[in-house]
Amino acid sequence: MNREQTRCFTVQKVLLVVMGVLLVFVSVWSYITEKEHRDVTNLEFFQSLDYEDGLDVVVRTLDRFPLQYAATLGQDGDPQIRPIEFKFETDGVLYFDTVEFYTSYKELQDYAYIQICVCDPETRTYLRLGGRVNFTKDEDIVSRCFAESPILTEQFGEARDMVVAYYLTEVRAEFRSFSRGLPQMRYTLPNPYDTQEVQ
């Protein structure tokens, strides 16, 4: 092995060691960050919220508790409730989705208002929000719904054209807790699609 080959071999060894150290560092950092997130209790989570920022409270709570319940007006005139999944927020707009053959889709076509609730029994805290449903088949929005939800992808990955996204306008939200030290808040959350001021 000549001098040039020896030098190349040494540089390769050094690069491999550096890459190994970086890989270990990134793995440890990811583990620590994930563990810190897992170790935050629901009470600590709620205590960390900025209650002056209603949109942030709503989005972070919906993200923290991924199973929400939604009430619609049934076609028989009775209220209907079912589990749903918040997908994402962009520019103050909250996005969800449904499927063309779901009963809820027909109900929301007939009466375009929805109430959504999530509750944490550990802290006896709940978030309730409602608004007007606006449907969209925008491909970018529907694709983002799939990207945000493994469940949606698993169920409808082969039938994407049946999925209908929707966003809320005229949004109001209410945060309530029976835990000492957590506030009671009401929010109006206007967004760029609102066509009238929420009363």
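As shown above, the structure is provided for reference.
The rules behind each value
Residues numbered from 1 in each chain as written. Predicted model: local features only at pLDDT ≥ 70, side-chain atom pairs only at ≥ 80, totals over all residues. Heavy atoms only, no water. Helix = DSSP H or I, 4+ residues; strand = E, 2+ residues; numbered from the N terminus. Buried < 20%, exposed > 50% of the residue type's maximum accessible area, 1.4 Å probe, protein only. Contact = heavy atoms within 4.5 Å. Areas by Shrake-Rupley, 256 points an atom, 1.4 Å probe, with all protein chains shown as cover. 1 Å grid on protein atoms, 1.4 Å probe; cavity = no way out; pocket = protein on both sides within 12 Å on 5 of 7 lines; lining within 4 Å. Points joined across faces, edges and corners; volume = space filled by probe spheres on them. Nonpolar A, V, L, I, M, F, W, Y, C, P; charged D, E, K, R; others polar. Phe/Tyr/Trp six-rings, centres within 6.5 Å; stacked < 30°, edge-to-face > 60°. Lys NZ or Arg CZ within 6 Å of the ring centre and 35° of its normal. Core = buried A, V, L, I, M, F, W, Y, C linked by side-chain atoms within 4.5 Å. Pairing = 2+ DSSP bridges.

**Some points on the overall build of the protein**
For step 1, the next point in the chain: Summing up its helical and strand segments, the protein has 6 helices and 8 strands in all.
For step 2, the next point in the chain: Taken across its 199 residues, the protein has 38% of its residues classed as buried.
For step 3, the next point in the chain: The contacts of the protein with a sequence gap of at least 6 include a subset with a gap of at least 24, amounting to 62%.
For step 4, the next point in the chain: Looking at the protein as shown, the accessible area adds up to about 12,700 Å², and 56% of this sits on carbon and sulfur atoms.

**Details of empty space enclosed by the protein**
For step 1, the next point in the chain: Scanning all chains against the criterion turns up 1 cavity of 30 Å³ or more.
For step 2, the next point in the chain: The computed volume of the largest cavity comes to approximately 30 Å³.
For step 3, the next point in the chain: The wall of the largest cavity is formed by Phe46, Thr61, Phe65, Val118, Cys119, Asp120, Thr125, Tyr126, Leu127 and Phe175.
For step 4, the next point in the chain: Residue composition of the lining of the largest cavity, by class: 7 nonpolar, 2 polar and 1 charged.

**A word on the packing of aromatic side chains**
For step 1, the next point in the chain: All chains considered together, the criterion is met by 16 aromatic pairs.
For step 2, the next point in the chain: Relative to Phe65, the ring of Phe46 has its centre 5.8 Å away and its plane inclined at 15°; by these criteria the two rings are stacked. Remark: Phe65 occurs in the loop between helix H3 (54–64) and strand E1 (68–73) and Phe46 occurs in helix H2 (residues 42–47); sequence separation between them is 19 residues. There is no split in this pair, since Phe46 and Phe65 are both buried.
For step 3, the next point in the chain: Among the aromatic side chains, those forming a connected cluster through ring pairs are Phe45, Phe46, Tyr51, Phe65 and Phe175.
For step 4, the next point in the chain: For the cation-ring pair, Arg160 lies above Phe146, with the distance from its terminal atom to the ring centre recorded as 4.1 Å.

**Quick look at the environment of Glu52**
For step 1, the next point in the chain: Structurally, the position occupied by Glu52 is in the loop between H2 and H3.
For step 2, the next point in the chain: C-alpha of Glu52 to C-alpha of Met185: the two residues are 133 residues apart in sequence and 9.1 Å apart in space.

**Structural notes on the layout of surface pockets**
For step 1, the next point in the chain: Here the largest pocket defines a volume of roughly 380 Å³.
For step 2, the next point in the chain: Along the wall of the largest pocket there are 23 residues; nearest its centre are Pro83, Ile84, Glu85, Asp97 and Tyr102.
For step 3, the next point in the chain: Elements with a contribution of two residues or more to the lining of the largest pocket: E1, strand E2 (79–84), strand E4 (93–99), helix H4 (103–110) and helix H6 (150–156).
For step 4, the next point in the chain: Taken together, the residues of the lining of the largest pocket break down into 14 nonpolar, 5 polar and 4 charged.
For step 5, the next point in the chain: Empty space within the second largest pocket amounts to approximately 150 Å³.
For step 6, the next point in the chain: Lining the second largest pocket are Gln115, Arg128, Leu129, Gly130, Arg172, Ala173, Glu174, Arg186, Tyr187 and Thr188.
For step 7, the next point in the chain: Contributions of two or more residues to the lining of the second largest pocket are made by strand E6 (125–136), strand E7 (163–177) and strand E8 (185–189).
For step 8, the next point in the chain: Considered class by class, the residues forming the lining of the second largest pocket number 3 nonpolar, 3 polar and 4 charged.

**Focus on the nonpolar core**
For step 1, the next point in the chain: Tyr51, Phe96, Leu129 and Leu168 are the most contacted members of the largest nonpolar core, which has 30 residues in total.
For step 2, the next point in the chain: Only H2, H3, E4, strand E5 (113–120), E6, E7 and E8 provide two or more residues apiece to this core.
For step 3, the next point in the chain: Not counting chain neighbours up to four residues away, the residues in contact with Leu129 comprise Val58, Leu62, Leu94, Ile114, Gln115, Ile116, Leu168, Val171, Arg172 and Ala173.
For step 4, the next point in the chain: Core analysis: the next-biggest nonpolar cluster, separate from the first, contains 13 residues, Phe88, Ile141, Phe156 and Ala165 among them.

**What about the pairing of E7?**
Across a regular strand the side chains alternate sides, sitting on one face of the sheet and then on the other.
For step 1, the next point in the chain: Within E7, 14 of the 15 residues are buried, which leaves it mostly tucked inside the rest of the structure.
For step 2, the next point in the chain: In this sheet, E7 lies alongside E4 in antiparallel orientation, the contact comprising 5 bridges. Bridging across to E7, Asp97 finds its partner in Ala165.
For step 3, the next point in the chain: Where E6 lies against E7, 11 bridges are found, and the strand directions are antiparallel. In the sheet register, Leu129 faces E7, and the bridge partner there is Ala173.
For step 4, the next point in the chain: Two elements, E7 and E8, share 5 bridges in a ladder whose sense is antiparallel. Bridged to Val171 within E8 is Leu189.

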